[in-house]
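Read off the chains here:
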Amino acid sequence: MPELFSGIQLAQSELNFSLVFRGLQKVVMDMLSNLLRILAPAIALVVGVLGLAALSVSMVDPVGFGYLFGFPALAGFIIMWFHPKNSFKTFGKSVAWLLSIMLLSVLGSWVSGLEGLICITVALIPILFGTLLGGVLYLCYDRWKKLSKSTLSVASLPILAIALADVIPANPEVYQISNSILIDAPPAVVFQMLKSIPDISPDEVETRPTHLLGVPKPTAAVWEEGENGAVRHSYWSDEVHFLERITAYDPAHRIAWDFEFPEGWAPEGIEDQHVKVGGPYFDVLRGEYLLEEKDGKTQLTLTSWTFDGSGMGVYAEFWHNFFFDDFHDVILHVVKARTERAWSEQS
């Protein structure tokens, strides 16, 4: 009897183990099935969005509201159209699915070299808003299709949005961006420091947000007199070199110049492929140093004038200010540190 009882217990244990194993196996298989059901369309959609982006760039102007809002709206509509059935039924989960696919697509565009980091950073907010707009359009269509069979009219709305937004007249703008700093030295001393700023070491320049986006740090500014007047050579890293053609020179008070960007002034990859200096959407026109005496000190103001042809209004103005505020602050702090150190040694 003891042997029989022991055999029954062993058989029951093996049966329980088998049932547990099969249960776990079913759970794992269900999880893998659900993951594949979501992952497969996600990968396909990311690849599809990247392909659509590459195609649309050759067909539609990639700079301006028409593209930055219209294309993501179209992509958002498509992403929601092909979302896994019986999944993401709540609004929050739908938004998570929508934005996840678009963010993965944006990441893919950077990794593949389709877009640069600066372009992605500038365009990210319109892309996300446009994507959400496309998702809302799909939800409206999803509700409306139950009452109507006219699919084409609603599905074509994002495409029409691209076309209509792209024909809206956009007036070019010239932005004046100024930044000031107070330097503990007389204007005459500061003025001499401005003409040439040689051998700027990396330690002199604090790492700024623009540097994290790939903009190099300044390394030197060299003043040169010639038959056609004075020119200042500006170097940012070992690869970037542009000119500042002097147009006004008032000792201890003002220096003004026009920017010149000769061919080959920056290597491939520094500029965004869609927004190049001197192109139809962006240019750096002129600059100016203004020195004012303030109780024995000097208020130094650096001003740049930039051109914007994107037609994106306040949004474009924000990014012009973002980059040039950074550029100005870097230069002004280098001038302040060097001038005050030299003036204290003289005094």
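Let me begin by describing the structure that accompanies this report. (Residues numbered from 1 in each chain as written. Predicted model: local features only at pLDDT ≥ 70, side-chain atom pairs only at ≥ 80, totals over all residues. Heavy atoms only, no water.)

1. Structural notes on the overall build of the protein chain
On a plain count of helices and strands, the protein chain comes out with 9 helices and 7 strands. Expressed as a percentage of the 347 residues in the protein chain, the buried residues total 37%. For the protein chain, the share of sequence-separated contacts (at least 6 apart) that also reach a separation of at least 24 residues comes to 66%. If you sum the accessible surface of the protein chain, you get close to 19700 Å²; carbon and sulfur atoms cover 64% of it. (Helix = DSSP H or I, 4+ residues; strand = E, 2+ residues; numbered from the N terminus. Buried < 20%, exposed > 50% of the residue type's maximum accessible area, 1.4 Å probe, protein only. Contact = heavy atoms within 4.5 Å. Areas by Shrake-Rupley, 256 points an atom, 1.4 Å probe, with all protein chains shown as cover.)

2. A look at the pattern of salt bridges
Here the structure, examined in full by the defined rule, presents 7 salt bridges. D326 serves as the salt-bridge partner of R208, at 3.1 Å between the closest nitrogen and oxygen. Here D326 lies in helix α9 (residues 313-346) and R208 lies in the loop between α7 (187-195) and α8 (209-212), a separation of 118 residues in the sequence. A residue is classified by how much of its surface remains accessible, and R208, at 17% relative accessible area, is buried. If you follow the salt bridges from partner to partner, you end up with R208, D326 and D329 in one network. (Salt bridge = Lys/Arg side-chain N within 4 Å of Asp/Glu carboxyl O.)

3. Things to note about the pairing of strand β7 (residues 297-308)
In terms of residue burial, β7 counts as a mostly covered element, since 9 of its 12 residues are buried. By the bridge criterion, 11 bridges tie strand β1 (residues 173-183) to β7 in an arrangement that is antiparallel. Paired with S178 across the strands is T303, a residue of β7. Connecting the antiparallel pair strand β6 (residues 282-294) and β7 is a turn made up of 2 residues, with D295 showing a positive phi of about 55 degrees. (Pairing = 2+ DSSP bridges.)

4. Focus: the nonpolar core
One finds V190, L194, I255, Y289, L300 and V335 to be the most contacted residues of the largest nonpolar core, which totals 60 residues. Tallying contributions element by element places α9 first for this core, with 10 residues. (Core = buried A, V, L, I, M, F, W, Y, C linked by side-chain atoms within 4.5 Å.)

5. Remarks on the pairing of strand β2 (residues 218-226)
Bridging between β2 and strand β3 (residues 229-236) involves 8 bridges; their strand directions are antiparallel. Following the sheet pairing, V222 is matched in β3 by H233. Hairpin remark: β2 followed by β3, antiparallel, with 2 residues in the connecting loop.

6. Notes on the sheet that holds β2
Strand order in the open sheet made by the 7 strands is β1-β7-β6-β5-β4-β3-β2, with antiparallel pairing throughout. Bordering the open sheet on either side are β1 and β2, each of which pairs with just one other strand. If you compare each strand with its neighbour and ignore which way they point, the axes differ by 20 degrees on average. Strands in contact with α7 are β1, β2, β3, β4 (240-250), β5 (254-260), β6 and β7; relative to β6, the strand with the most contacts, it is inclined by about 155 degrees. Each of β1, β2, β3, β6 and β7 is contacted by α9, which is oriented at about 25 degrees to β1, the strand it contacts most. (Axes fitted to C-alpha atoms, helices over the stretch in contact; angles between N-to-C directions.)

7. Comments concerning the packing of aromatic side chains
Two numbers describe a pair of aromatic rings. These are the distance of the centres and the angle of the planes. Counting across every chain of the model gives 18 aromatic pairs. Pairing W223 with Y249 gives two aromatic rings, centres 5.6 Å apart and planes at 50 degrees, and the pair type is tilted. Of the two residues, W223 is situated in strand β2 and Y249 in strand β4; the sequence distance between them amounts to 26 residues. The exposure class of W223 is buried, given its relative accessible area of 14%. Where F324 meets F327, the ring centres are 5.1 Å apart and the plane angle is 75 degrees; that geometry is what we call edge-to-face. You can see F324 and its partner F327 sitting in helix α9, 3 residues apart, about one turn around the helix. (Phe/Tyr/Trp six-rings, centres within 6.5 Å; stacked < 30°, edge-to-face > 60°.)

8. Considering a nonpolar patch on the surface
Side chains of L104, L107, W110, V111 and L117 sit close together on the surface and give an oily, nonpolar patch of about 480 Å² of accessible area. Here the element with the most residues in the nonpolar patch is helix α3 (residues 91-111); it accounts for 4 residues. Note on placement: L107 falls in helix α3. Assessed through its relative accessible area of 45%, L107 is described here as partly exposed. (Patch = residues over 30% accessible without salt bridge, like charges linked within 9 Å, V, L, I, M, F, W, Y side chains within 5 Å.)

9. Side note on the packing of α7 against α9
For the pair α7 and α9, interaxial distance at closest approach is 10 Å and the crossing angle is 125 degrees. Taken together, the axes of α7 and α9 lie oblique to each other. Seen along the crossing, α7 lies across α9 with a hand that is right-handed. Residues V189, V190, M193 and L194 of α7 touch α9, and the partners they reach there are V335, R338, T339, A342 and W343. Grouping the constituent residues of the contact of α7 with α9 by class yields 7 nonpolar, 1 polar and 1 charged. (Parallel < 35°, antiparallel > 145°, perpendicular 65-115°, else oblique. Left-handed = near helix turned anticlockwise from the far one by under 90°. Nonpolar A, V, L, I, M, F, W, Y, C, P; charged D, E, K, R; others polar.)

10. What about the environment of P251?
Considering the arrangement of structural elements, one finds P251 in the loop between β4 and β5. Each C-alpha atom, one on P251 and one on F191, is 7.0 Å from the other, the two residues being 60 residues apart in sequence.

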